[in-house]
Amino acid sequence: MPVGTSSSHLIVLRGNSASGKSAAARALRQRYGRGLAIVGQDNLRRDILQERDRPGAANIDLIELTARFALDRGFHVIVEGIMNRVRYGEMLSRLCADHRGKTNCFYFAVSFEETLRRHATKSTANEYGEAEMREWFHPQDLLLDPVETVIPESLSLEEAIELIWTESGLTGAG
């Protein structure tokens with residue numbers, strides 16, 4: 001079912017834990033201002049539903065419904081999370097295909113060693129550790145459709161934000 005308008009923006013940010021997705025989403029919204037919704041996998045799955053990440057879990061549909069709701073009400077939307085291809089790929093492909101406006105997908109390609117280094121700097125560093133992160137880690141877990149722009153770990157957070165801002169065509173406050 002078609003969603004959004006010809007002028008709405010849908011941005012998907014995916015990648016492994018601690019790759020910079022959430023920080024980039026927050027920075028993009030701060031730069032843009034009101035009118036840019038962040039649909040975060042962690043918020044919906046972990047905080048709202050208190051659900052484990054498993055095939056067919058309720059959070060997958062909730063992510064899609066929340067993004068569609070915001071797009072249909074005039075918001076630009078960033079959907080962000082690990083969202084591995086096997087569990088979330090079909091939903092993301094459907095959402096992107098149905099979006100009437102500009103859609104851009106980005107994959108933060110960060111090595112496991114860099115993931116651990118970045119994780120150690122987060123406020124949630126004590127909530128989970130290397131064993132869990134190794135279980136969640138899927139290198140180069142790129143979507144088959146739509147095509148994702150790869151953001152290499154060599155880019156700083158500021159460079160990644162600028163790349164996303166430029167490629168997505170976001171301009172000023174909404």
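See the structure shown above.
From a predicted model like this one, the values you see are computed outputs, not experimental measurements. (Residues numbered from 1 in each chain as written. Predicted model: local features only at pLDDT ≥ 70, side-chain atom pairs only at ≥ 80, totals over all residues. Heavy atoms only, no water.)

So, the nonpolar core
Rule in force here: Take the buried Ala, Val, Leu, Ile, Met, Phe, Trp, Tyr and Cys residues and link them wherever side-chain atoms come within 4.5 Å; each set so joined is a nonpolar core. Accessible area is worked out with a 1.4 Å probe on protein chains only. A residue is then buried under 20% of its type maximum, exposed over 50%, and partly exposed in between. Under the scheme used here, helices are H or I runs from DSSP no shorter than 4 residues and strands are E runs no shorter than 2 residues, and both carry numbers assigned from the N terminus.
With 21 residues, the main nonpolar core has Leu10, Val12, Ile63, Val77, Val79 and Leu92 as its most contacted residues. For this core, the secondary-structure elements that each account for two or more residues are β1 (9-15), β2 (36-40), α3 (58-72), β3 (76-81) and α4 (85-98). Membership of the second largest hydrophobic core comes to 16 residues, among which are Leu28, Phe108, Ile151 and Ile161.

Structural notes on the sheet that holds strand β4 (residues 102-109)
Selection rule: Should DSSP find at least two bridges between two strands, the strands are taken to pair. Convention adopted: a line fitted to C-alpha atoms gives each axis, helices being fitted over their contacting stretch, and angles between N-to-C directions are expressed from 0 to 180 degrees.
Here five strands make up an open sheet; going across it, the order is β2-β3-β1-β4-β5 and the pairing parallel. Two strands in the sheet have a free side with no partner beyond their single neighbour: β2 and β5 (149-152). On average, adjacent strands in this sheet sit at an angle of 20° to one another, irrespective of strand direction. Here β4 runs beside β5; their pairing, made up of four bridges, is parallel. By the bridge assignment for β5, Phe106 is matched with Thr149.

Section: the pairing of β2
Most of β2 is tucked away: four of the five residues are buried. Direction of pairing for β2 relative to β3: parallel, over a ladder of five bridges. Residue pairing across strands places Val39 opposite Val79, the latter belonging to β3.

Considerations on helix α5 (residues 112-119)
Spelled out, the test is: By construction, the arc corresponds to the directions joining the helix axis to the C-beta atoms. Two residues qualify as a contact provided that any one of their heavy atoms is within 4.5 Å of a heavy atom in the partner residue.
Listed as buried for α5 are Phe112, Glu114, Thr115, Arg118 and His119. For α5, the angular spread of the buried residues around the axis is 160°, confining them to a single face. On its buried face, α5 is in contact with α6 (130-136).

Digging into the packing of α3 against α4
Test applied: Oblique is the label for any angle not under 35 degrees, not over 145, and not in the 65 to 115 range, which are roughly parallel, roughly antiparallel and roughly perpendicular in turn. Handedness of a crossing is defined here by the sense of rotation of the near helix relative to the far one, left-handed for an anticlockwise turn of less than a right angle and right-handed for a clockwise turn. Amino acids outside the nonpolar list (Ala, Val, Leu, Ile, Met, Phe, Trp, Tyr, Cys, Pro) and the charged list (Asp, Glu, Lys, Arg) are all regarded as polar, and Gly is one of them.
Viewed as axis vectors pointing N to C, α3 and α4 meet at an angle of 15°, and their least axial separation amounts to 10 Å. Classified by the interaxial angle, the pair formed by α3 and α4 is roughly parallel. The element α3 and its partner α4 pack so that their crossing is right-handed. Seen from α3, the contacting residues are Asn59, Ile60, Ile63, Glu64, Ala67 and Arg68; seen from α4, they are Arg87, Tyr88, Met91, Arg94, Leu95 and Asp98. Counted by class, the contact of α3 with α4 contains six nonpolar, one polar and five charged residues.

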